[in-house]
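Now for the letters of each chain:
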Amino acid sequence: MVVLITGGAGFIGSHLAERLLRQGNTVVCVDNLDDYLYSPALKRANIELLSEYPAFTFIEGDIRNQEALRQLLLDRGCEAVFHLAAYAGVRASVQEPEKFMEVNINGTLSVLEAMREAGLRTLIFASSSSVYGNAAHVPFKETDAADQPISPYAASKRAAELLAYSYYSLYGFQITCLRLFTVYGPRQRPEMAIRKFIHRILEEEPIELYGNGLTFRNYTYVADAVQGLMKALEHSGEGFRVYNIGGAKSICLKEVIEVIEQITNKKSKIIYRPEQAGDVRHTAADISKAKKELEYVPEVTLEEGIQRYMKWLTVVC
Ligand SMILES: O=C(O)[C@H]1O[C@H](OP(=O)(O)OP(=O)(O)OC[C@H]2O[C@@H](n3ccc(=O)[nH]c3=O)[C@H](O)[C@@H]2O)[C@H](O)[C@@H](O)[C@@H]1O
């Protein structure tokens, strides 16, 4: 199968590309190698790795260039699109909301329009657990209201889901939105907690803890997130569907630090900082729908995931 991945040079996108290529698919990746939040050098390194596969093509380009995208979909004979390109980062979106709206909403519109014009209908969209906001109940179910986002990032992801819905309704697109829950693992974005904490603890540098350490996340190992994306492709069919893709359990930040301390055999130095604007207090995924309909089963515990991260570090460093 020939698939397009937008944002394929990034953390989750590059893992997805690798899995698709290993399974014999042809992968076209569009990524503008943006330097927002972290160095494009990390993205280039991901592309280099993927370039070892003959069935991989990288195109440096912006998803907002709709005409180029349409042409690309036609020229390459793409059969499905994974749309992962986005400005990520909950807290950063509070500082620069315009960027997030421009790329996450207008960029998504461009992808949908390019697909419509190219006659392509199958889309898998990487949405976010943040769309649930500070919901009153956990775990979150897909049927829960997601209309009180507490950051521009979350609002942009929810808006993109709704935009996608309108393309399903108007043009019969087959759309699967995966609400991914705080994904971590090798090649993780450097500003995210797990990666940042591991590196700081290893270097015996202090870590900054936002709030009291009692924020809960349903951390998801990247291979499990990729499993969810792959299963969404396998099961894609008529309609518009939304699934939670989360790890096995929700865990608080203090516990995450303890696990890192155990595995690295080092003690952390913690600097307490105020709770950050836009941060959700507690995420927890009810994954029963994904289990039932996609046969998605998270396989990697937090301990195992952090161990795998450490193993990867010893290989790349
Ligand atoms: O699941 C999601 O929807 C979102 O998950 C992550 O967002 P977040 O949950 O904020 O992930 P981290 O940046 O790893 O933060 C996890 C927790 O650690 C805290 N944190 C983070 C960084 C830091 O230096 N210190 C710190 O205490 C945060 O406040 C938060 O409570 C991703 O960054 C989003 O792109 C994604 O959409």
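Along every chain, residues carry numbers that run from 1 in the direction the sequence is written. pLDDT decides what is reported in this predicted model: residues at 70 or higher carry local features, side-chain atom pairs at 80 or more are listed and counted, and totals for whole chains, interfaces and linings draw on all residues regardless. Hydrogen atoms and water are omitted, and side-chain values are computed over all heavy atoms in the structure.

Under an unreviewed UniProt entry, the name given to the protein is UDP-glucuronate 4-epimerase, and the organism recorded is Runella slithyformis.

Caption draft 1: Spatial organisation of the pattern of salt bridges. For this document, the term salt bridge refers to a Lys or Arg side-chain nitrogen within 4 Å of an Asp or Glu carboxyl oxygen. Here the structure, examined in full by the defined rule, presents 19 salt bridges. Close ionic contact of lysine 99 with glutamate 96 constitutes a salt bridge, the shortest N to O distance being 3.2 Å. A salt bridge links glutamate 304 to arginine 308; the nearest nitrogen and oxygen atoms lie 3.0 Å apart. Taken together, the positions of glutamate 304 and arginine 308, both in helix H11 (residues 302-316) and 4 residues apart, correspond to about one turn of that helix. In this scheme, a residue with accessible area under 20% of its type's maximum is buried, one over 50% is exposed, and one in between is partly exposed, where area comes from a 1.4 Å probe on protein chains only. Since its relative accessible area comes to 31%, glutamate 304 is described here as partly exposed. Strands are runs of DSSP state E lasting at least two residues, helices are runs of H or I lasting at least four, and both sets are numbered from the N terminus onward.

Caption draft 2: Structural detail: the site of the ligand. In these notes, residues near a molecule or strand are those with any non-hydrogen atom within 4 Å of it. Around the ligand sit 24 residues, and of these Ser128, Tyr153, Thr182, Arg217 and Asp279 come closest. For the ligand, an oxygen atom lies 2.7 Å from a polar atom in the side chain of arginine 91. Elements with a contribution of two residues or more to the shell around the ligand: helix H4 (90-95), helix H7 (193-202) and strand S8 (207-210). Each residue is assigned to one of three groups, with Ala, Val, Leu, Ile, Met, Phe, Trp, Tyr, Cys and Pro labelled nonpolar, Asp, Glu, Lys and Arg labelled charged, and all others, Gly among them, labelled polar. Per-class residue counts for the shell around the ligand are 12 nonpolar, 6 polar and 6 charged. Residues adjacent in sequence count toward polar contacts only when both atoms are side-chain atoms; beyond that, a polar contact is any pair of N or O atoms within 3.5 Å, and within protein one must be able to donate a hydrogen and the other to accept it.

Caption draft 3: How the structure looks around the packing of aromatic side chains. Aromatic rings from Phe, Tyr and Trp, with only the six-membered ring used for Trp, were paired whenever their centres fell within 6.5 Å, and each pair was classed as stacked if the ring planes differed by under 30 degrees, edge-to-face if by over 60, and tilted otherwise. As enumerated under the stated definition, the model contains 15 aromatic pairs in all. Ring geometry for tyrosine 165 and tyrosine 168: centres 5.2 Å apart, planes at 70 degrees, overall edge-to-face. Of this pair, tyrosine 165 and tyrosine 168 both sit in helix H6 (residues 152-171), separated by 3 residues, roughly a single helical turn. An angle of 35 degrees between the planes, with centres 6.2 Å apart, marks the rings of tyrosine 168 and phenylalanine 240 as tilted. Within this pair, whereas tyrosine 168 is found in helix H6, its partner phenylalanine 240 is found in strand S11 (residues 240-245), the two being separated by 72 residues in sequence. Two limits define a charge over a ring: the Lys NZ or Arg CZ must be within 6 Å of the ring centre, and within 35 degrees of the ring normal. Looking at arginine 116, its charged tip hangs above the ring of tyrosine 171, at a distance of 5.4 Å from the centre. Here the guanidinium or amino end of lysine 289 rests over the ring plane of tyrosine 243, the centre of that ring lying 4.8 Å away.

Caption draft 4: Just the packing of helix H5 (residues 97-118) against H6, in detail. Interhelical geometry of H5 versus H6 gives an angle of 15 degrees and a closest axis separation of 9 Å. For the element pair H5 / H6, the angle class is roughly parallel. For H5 against H6, the interelement crossing comes out right-handed. Touching Pro97, Phe100, Met101, Asn104, Ile105, Thr108, Leu109, Leu112, Glu113 and Arg116 of H5 are Pro152, Tyr153, Ser156, Ala159, Ala160, Leu163, Ala164, Tyr167 and Tyr171, all from H6. Orientation is described by lines fitted to C-alpha atoms, with helices fitted over the stretch in contact, and by angles between N-to-C directions that extend from 0 to 180 degrees. Here the word oblique covers every angle except those under 35 degrees (roughly parallel), over 145 (roughly antiparallel) and from 65 to 115 (roughly perpendicular). Crossing handedness follows the turn of the near helix against the far one: under a right angle anticlockwise gives a left-handed crossing, and clockwise gives a right-handed one. A contact between two residues is defined here by any heavy atoms of the two lying within 4.5 Å.

Caption draft 5: How the structure looks around the side chain of serine 110. Along the polypeptide, serine 110 turns up in helix H5. Accessibility expressed as a relative area gives 5% for serine 110, which makes it buried.

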